[in-house]
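# Coordinate analysis (summary)
Here's the letter readout for the chains.
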Amino acid sequence: MRSTAPRDALPFLAAARRVLGVLSVVCVAEAGLGQAAPFVASPVPAGAGWRADRIHRSDGGVWYAHVDKVIDAFGQNEVIAGDDKGRLLVLAVYSGQWTAHSVVCDGLWLAPTRSADVDPRVPGREIYAAGRAGSVHRVTLRPQPFARFTLESVEIGHAAGEEFHAVIADDLVPGGQAELLAFGISGAVYELAPTGTSDQFAMRKVGAVPGRVRDVAVARGSTAGPLLYGVSRSGDLLAMRMDQGALQHEVMLREDSGLGRIALAKGRPGVLYVTRDDGVVLRIERTSEGRWQRDAIFAGGQGLRGVASGRFFADDREAVAVYGYDKTVHVVWRQGQGPWQVETALTTEQRGHWLAVGELDGRNGTDELVVAGFDGDVFLLSRPPGHGLPGAAVAKAEQNGGAMLRSPDGLRVAARFGPRAVSELSSLRYQGGFETKAMVFETLVRRGPDGRIAPGLATSWQREDDGRAFVFTLRPGAAWHDGRPVAAGDVAVHFRRWVGLPEHGWLRSNARIAAVRAIGDAKLRIDLDRPAALLADLCAINPTAVMGPGSWTREGEFAGPVGSGPFRLLAAADGDRTLRYAPVTGRGSVELVAVDGDPVDGLLRGEVDAVVSGWLVAVDPLRAAALRCDSRYVVVDGPGSSMWHLHLRWHDGPLADLARRRAVAAAVDRAELVRVVAAGYGDPGTGWAAPSIIDWPQGRMVAGAGASFPQPLRLDAGNADPLLVATLVGQFERAGIRVELAPAEGVWDLRLERSHGVPYDPFTIVERFGRKVGMPTAASPQVGPVDAALADAIDALVAASDEATWPEHYARIQQRLDELLPVVPLFAPRRLAIVRAGIQAPALDHDLYRLDPAWLRAAR
Amino acid sequence: MNRLVSLVRLGTCVAAAAVPVASSLAQAAVEPPIRVLLRARHGGADRLTPLRYIGGFETKTLLYETLVRRGADGRIAPGLATRWWFDPSGTTCFLELREGAQFHDGMPVTAEAVRVHFQRWVGLPEHDWLACNRRIEGVTTSGDRVVRLHLTEPYAILDDLVAINPCAVVGPGARDWEGEFQRPVGTGPFRFARVLDGGERWLLERAQPGGVPIEIGFLPRGRDRAPVDALLSDRADVFVGGWEEDLPHDALQELLADGRFIVQDAPGSSVAYVSFRLTEGPTADPAIRRRIQASIDRAVLIAAVEHGRGDATTAWAAASVPFWPRSAPPPAPAPAPAGSLPALQIAGGAAGSRAARIAEALQAQLQRAGFPVEVVQPPAARNEAVAASGVTAATPEVPAVGTVRPLDSESGEVRSARNRARRALADAADLRVEITHGVPYDPHQSLVARFGPARAANADQPRPRGGVDSRLQQLVALAMATWDETVRLPIYAEIQALIDSEALIVPLYAPRRLALRRKEITGIVLPIDAYRVDLHAIHRAP
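In short, a report on the structure. Everything numeric in this text was worked out from a predicted model, so none of it was measured.

### Looking at the overall build of chain A
Each helix and strand counted, chain A has 17 helices and 49 strands in total. For chain A, the proportion of its 860 residues judged to be buried stands at 61%. The long-range share in chain A, meaning contacts at least 24 apart out of those at least 6 apart in sequence, stands at 61%.

### Description of the sheet that holds strand β13 (residues 272–276) of chain B
All names here are of chain B. If you walk across this open sheet you meet the six strands as β14-β18-β13-β17-β15-β16, and the pairing is mixed. This sheet does not close on itself; its edge strands, each paired only once, are β14 (310–312) and β16 (373–376). On average, each strand axis in the sheet is inclined to that of its neighbour by 25°, with strand direction left out of account. Bridge count for β13 against strand β18 (residues 505–511) is four bridges, and the pairing is antiparallel. Counted as the bridge partner of V274 is V506 from β18. The strands touched by helix α11 (residues 354–368) within the sheet are β13, β15 (344–347), β16, β17 (431–435) and β18, with β16 carrying the most contacts at an inclination of about 175°.

### Looking at the side chain of A:R317
Here A:R317 lies in the loop between β24 (304–309) and β25 (318–324). What A:R317 contacts, discounting residues up to four positions off in sequence, is A:R268, A:W333, A:R334 and A:Q335.

### So, the nonpolar core
B:V36, B:L67, B:I157, B:L161, B:I214 and B:I495 are the most contacted members of the largest nonpolar core, which has 122 residues in total. For this core, the element with the highest residue contribution is α11(B), accounting for six residues. Discounting residues that sit within four places of it in the chain, B:L67 has contacts with B:P78, B:G79, B:L80, B:A81, B:L95, B:L97, B:V114, B:F118, B:L161 and B:V169. Within the second largest apolar cluster, 97 residues are counted, among which are A:V499, A:A532, A:A800 and A:L820.

### Regarding helix α12 (residues 670–677) of chain A
Residues and elements named next belong to chain A. Within α12, the full set of buried residues consists of R670, E672, L673, V674 and V677. Of the surrounding elements, those touching the buried residues of α12 are α10 (621–627), β44 (682–684), α13 (722–734) and β48 (823–829). Between the side-chain oxygen at the start of α12 and the backbone nitrogen of A671 there is a gap of 3.2 Å, and the oxygen is on D669.

### Focus on the pairing of strand β4 (residues 62–68) of chain A
Residues and elements named next belong to chain A. Counting buried positions along β4 gives seven out of seven residues, so the element sits mostly inside the fold. Where β4 and strand β5 (residues 78–83) come together, six bridges link them in antiparallel fashion. For V67, the partnering residue across the bridge sits in β5 and is V79.

### Examining the packing of helix α10 (residues 298–306) of chain B against α11(B)
Residue and element names in this part refer to chain B. The geometry of α10 relative to α11 is characterised by a closest axis approach of 9 Å and an angle of 135° between their N-to-C directions. Taken together, the axes of α10 and α11 are oblique relative to one another. The interaxial crossing formed by α10 with α11 has right-handed handedness. Contacts between α10 and α11 involve V300, L301, A304, V305 and E306 on the former and, on the latter, R354, R357, I358, A361, L362 and Q365. Residue composition of the contact of α10 with α11, by class: seven nonpolar, one polar and three charged.

What counts as what
- Residues numbered from 1 in each chain as written.
- Chains lettered and ligands numbered in written order.
- Predicted model: local features only at pLDDT ≥ 70, side-chain atom pairs only at ≥ 80, totals over all residues.
- Heavy atoms only, no water.
- Helix = DSSP H or I, 4+ residues; strand = E, 2+ residues; numbered from the N terminus.
- Buried < 20%, exposed > 50% of the residue type's maximum accessible area, 1.4 Å probe, protein only.
- Contact = heavy atoms within 4.5 Å.
- Pairing = 2+ DSSP bridges.
- Axes fitted to C-alpha atoms, helices over the stretch in contact; angles between N-to-C directions.
- Core = buried A, V, L, I, M, F, W, Y, C linked by side-chain atoms within 4.5 Å.
- Polar contact = N/O pair within 3.5 Å; in protein donor to acceptor, adjacent residues only side chain to side chain.
- Parallel < 35°, antiparallel > 145°, perpendicular 65-115°, else oblique.
- Left-handed = near helix turned anticlockwise from the far one by under 90°.
- Nonpolar A, V, L, I, M, F, W, Y, C, P; charged D, E, K, R; others polar.

Take a look at the structure:
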């Protein structure tokens with residue numbers, strides 16, 4: 001069997017060097033496959049401190065790859081690869097353009113060797129390949145006119161019924177030509193040696209090893225000749241040596257999982273890395289006593305299929321990269337003898353099959369990785385220019401790794417979260433941001449756009465036992481991000497992790513929940529010691545958003561965020577300043593980017609594509625208004641739910657007089673506040689809750705009654721915008737009410753506060769005016785005595801298990817607020833989003849703690 | 001919604017934590033701390049809580065207390081609770097807290113604080129290895145000093161409450177108001193002062209005034225000479241071995257040869273024993289088991305494996321647990337005709353481990369008694385080139401753990417997989433060498449885990465597939481349902497008698513506990529509780 005290229009030609013590497021060295025690099029692909037157009041490396045998203053470029057795309061999986069010097073006329077190394085369509089590929093790069101040369105040997109998948117001089121009849125080195133067909137091929141380069149060359153293959157051996165998963169061409173016996181070994185699926189090992197004067201090779205069985213050898217590494221340095229280390233699907237790690245024409249082997253290690261790949265540690269003689277099919281990476285080291293020590297250094301996803309050791313850091317730390325069915329290239333490293341760490345270098349959409357390492361980009365001081373897998377994508381994974389080259393200046397265009405590395409299709413949205421967000425992405429902790437968690441986790445119920453309770457992870461719920469129990473029906477087909485189905489027992493365990501703990505006492509239901517248990521897989525029952533407005537509390541992301549069992553290790557350590565929400569966390573990048581998510585359905589990715597300072601500045605700097613206001617992300621309405629005229633951006637708004645309130649010290653001091661409180665209320669011009677302070681982006685409100693919460697009634701408008709104010713009122717402005725303070729003070733002065741700022745921590749008569757908004761509003765009234773339980777906290781400040789009538793009304797709300805009755809309680813509370821006037825509601829700033837022109841703008845609802853998943857999926 | 005305010009609170013906590021630092025520095029100027037090395041997985045001070053399975057047992061028992069513990073005779077003894085009783089149905093356990101007890105931050109120990117601690121772990125799957133985890137259906141309080149544990153059925157819960165993880169009580173001051181762990185706050189004899197060397201070592205001060213502080217450093221677990229090297233190179237003053245300590249003899253000899261050091265030992269409570277495949281093969285025959293039992297010379301075994309540092313036992317519990325009933329070993333059977341005995345396979349541990357050495361020593365003894373014996377070892381050690389260094393066992397089926405927490409050889413997943421691999425091997429052998437966890441888990445917890453009714457969905461329990469004698473299992477179940485240790489004694493006696501008469505297992509010996517120290521450091525007490533070291537009297541002799 002031979003390729004479609006002429007059989008009688010004997011192209012060879014040295015000839016190619018002589019010809020190609022002076023001519024253009026434009027080459028044609030192997031005949032029959034059409035022209036090999038230069039492939040401009042296209043960037044794809046990569047982990048922090050890495051850049052990734054797609055350098056080839058095949059129409060079948062690319063199973064093997066090596067970085068090697070094939071075409072001597074080219075300074076840079078090439079990539080040798082084999083794909084599912086039986087092509088042997090040589091990927092050559094020139095000024096960032098990659099060209100794939102290929103030859104189809106027998107039409108079935110191939111495992112190629114590195115180049116080696118096995119055949120003395122061919123000047124220079126050759127490449128060999130063998131695979132599914134049981135045939136072994138020699139591949140050479142044949143020069144063609146006009147600086148072109150073709151790859152040519154010739155079948156040099158065949159073993160009926162065999163399949164070759166590993167082929168080695170190397171100098172395995174000191175002296176003479178290199179040797180060629182093919183490892184068969186049966187365990188037989190064949191050597192092919194040239195014989196005669198033509199293309200003939202003698203093929204003979206030289207050994208038999210346990211299991212199917214899938215990868216072989218050649219170690220030098222021994223006086224007895226190179227040692228081959230092989231790994232097999234049967235779980236054997238083999239040490240092999242050619243000795244007197246036979247391959248001797250010894251089983252070094254036998255694992256209870258298939259072994260997939262093997263790599264020698266770069267710069268560390270006597271150290272090997274081996275991948276297990278169950279996702280474990282083993283480090284095997286020969287100790288000074290000559291024994292082998294085995295350590296598990298990494299547990300990744302099942303189906304590890306690539307391992308490569310190289311210099312991946314500017315310093316000399318030990319590092320190894322792995323890739324596999326979890327679609328992620330992890331770099332596992334340690335400093336000295338410290339603990340092993342792992343970082344994500346790349347997440348692909350394909351399952352991984354092979355990693356190769358070598359020098360392919362001289363702009364850094366580190367090694368590159370070639371990443372190949374099931375969808376036929378081949379990526380070059382490298383450090384950014386200048387990395388590991390101390391003192392080297394880097395062109396500005398190459399400096400902004402973020403810009404280069406950013407996803408061409410992944411939306412980047414500004415967010416607020418701390419430097420340890422990845423380890424804090426747990427709803428059981430009050431750290432790590434809100435949007436970041438709401439992407440991943442779901443609450444059983446949430447508040448809909450009208451402010452009423454709406455389905456979340458539960459699609460329906462029933463009150464039972466006169467409001468002393470709720471039974472939730474979970475969404476049919478709901479699954480955790482690790483693929484496991486959401487079971488009611490999982491949800492019960494999540495509740496077990498927070499119910500009854502004091503840090504969650506701010507949720508009144510926490511003290512009411514007596515038991516949480518699963519009723520079958522689909523229903524969850526929550527028993528209360530007495531009726532309570534449980535549903536309102538279950539909208540809180542922390543701690544009620546449900547975490548899957550995969551979030552925890554068997555020892556209860558946080559392993560990672562595994563939820564049932566619309567997005568799953570892919571990786572953290574850019575020093576954990578970027579969190580990359582993938583939609584559970586569909587493709588692509590979305591990034592939440594922690595932006596320093598004003599997020600609008602981040603947008604203008606190009607760090608993000610969109611800013612969306614929320615509880616933690618503030619968008620200055622004046623800047624939004626200004627950007628409405630900028631064609632590069634689109635500004636949209638939606639209802640807000642966080643109300644600015646002016647609290648009045650109703651129980652003592654000058655405002656203990658209701659007439660004065662009424663005068664203060666009457667002095668407020670909400671329309672002006674909205675116009676001046678919010679540039680029109682606000683909804684005036686007279687009720688405790690924002691107008692978007694349709695069940696909460698607006699309050700009575702108050703007319704002034706000629707009260708006198710002998711002394712100035714003391715205003716605690718809190719963290720309110722100075723413009724709001726100044727405008728409000730101006731309004732009071734117009735009404736003849738003098739106001740001065742209260743000293744810090746001093747007594748105040750007026751205080752500006754902002755409610756937390758949906759999903760916590762309107763129940764924020766409970767903490768603010770209800771009877772206190774437990775110690776006051778910053779979230780539930782003790783700001784004065786409790787008005788009994790108001791507190792009674794709030795107690796009734798808290799005990800109202802039927803949400804249909806809540807509007808009645810809302811009305812009773814608002815009525816008492818109107819009578820007592822402990823607070824003057826001002827306005828709810830509207831939600832704002834600013835996006836780059838060309839990107840779909842979101843439709844904003846009033847939930848300040850989550851981003852619209854439909855928009856995130858669609859806006860890419 | 002609490003995120004912003006939490007920053008303020010965090011600052012407050014850090015400031016509060018700084019207070020003991022000043023005092024420890026002042027004290028350090030007077031006398032430098034005594035440097036104590038322990039074996040542990042060093043997880044950082046921010047994880048030094050009994051609610052997490054990391055950080056070392058001895059460290060935690062220095063800082064925290066369980067409600068009850070096992071005393072010098074191995075029986076349940078007062079801990080943070082001084083008195084306990086059950087209701088007549090045996091389903092409510094009342095524990096009265098020590099009067100005047102205080103957490104290290106000065107807060108009084110209240111029943112509510114203990115209730116909240118239990119609330120943090122009861123019912124969570126990671127603690128299912130404790131049978132009580134699924135039997136506690138509620139924790140309530142009665143006044144300030146009485147904690148009530150409500151059980152689903154009568155159960156010997158006190159024997160579970162001795163477990164350091166997760167039962168040792170953490171004070172509410174260990175967390176901020178958002179529930180974040182800030183610092184270890186317990187009621188133990190030492191209190192946490194601060195981290196040293198960027199977190200590599202921890203400074204512990206006496207909870208009561210007086211005495212020199214100690215500086216805790218860590219060594220990974222395993223059989224190596226690292227403790228000896230640390231002492232010889234003056235990187236530590238004391239090393240205290242843990243429950244599985246297995247220091248190489250030659251390293252100990254080297255230390256002893258240096259006149260500056262002392263090797264201190266004390267009775268241990270962790271028992272090495274032989275168990276059998278009861279369901280099939282030659283050891284299904286009680287006569288064969290009895291013959292094996294009679295063939296073992298414990299003194300020779302201890303000399304061969306431990307160089308004499310062990311105490312023989314013929315009972316389930318070590319000799320250091322005197323309340324456990326013992327009976328005289330059965331008479332030796334008559335010699336068997338040559339060639340009449342069946343071939344046996346013994347499963348030991350990884351090459352070089354204590355279990356493997358015992359297996360090899362047993363092989364010699366059994367061969368002398370006429371049994372053809374083969375020792376099988378875990379797959380990783382099948383080839384001699386892959387020698388044991390403590391972590392050589394295979395680790396199959398390790399699940400993905402994501403990128404948040406890097407895995408090391410002592411991570412739970414890896415250890416679990418390693419144990420499963422060993423067990424799979426052991427299940428196929430006729431004889432297995434096993435070692436109990438020692439006090440406080442011995443004698444009761446170990447008995448329950450090994451021979452009690454199987455618990456669902458707990459892959460880590462060493463349940464032998466080779467079978468458990470059904471009579472033994474019933475007796476253990478009865479013991480589990482009997483909370484009163486005194487009432488349980490006859491059951492224990494019956495258990496021991498059954499073990500003896502049927503030769504269900506052959507107890508061998510308990511390795512002795514070890515501490516290495518500089519001569520001038522005295523006052524170290526090694527109790528039979530293998531997870532505890534008493535350092536309240538430690539000091540430098542003038």
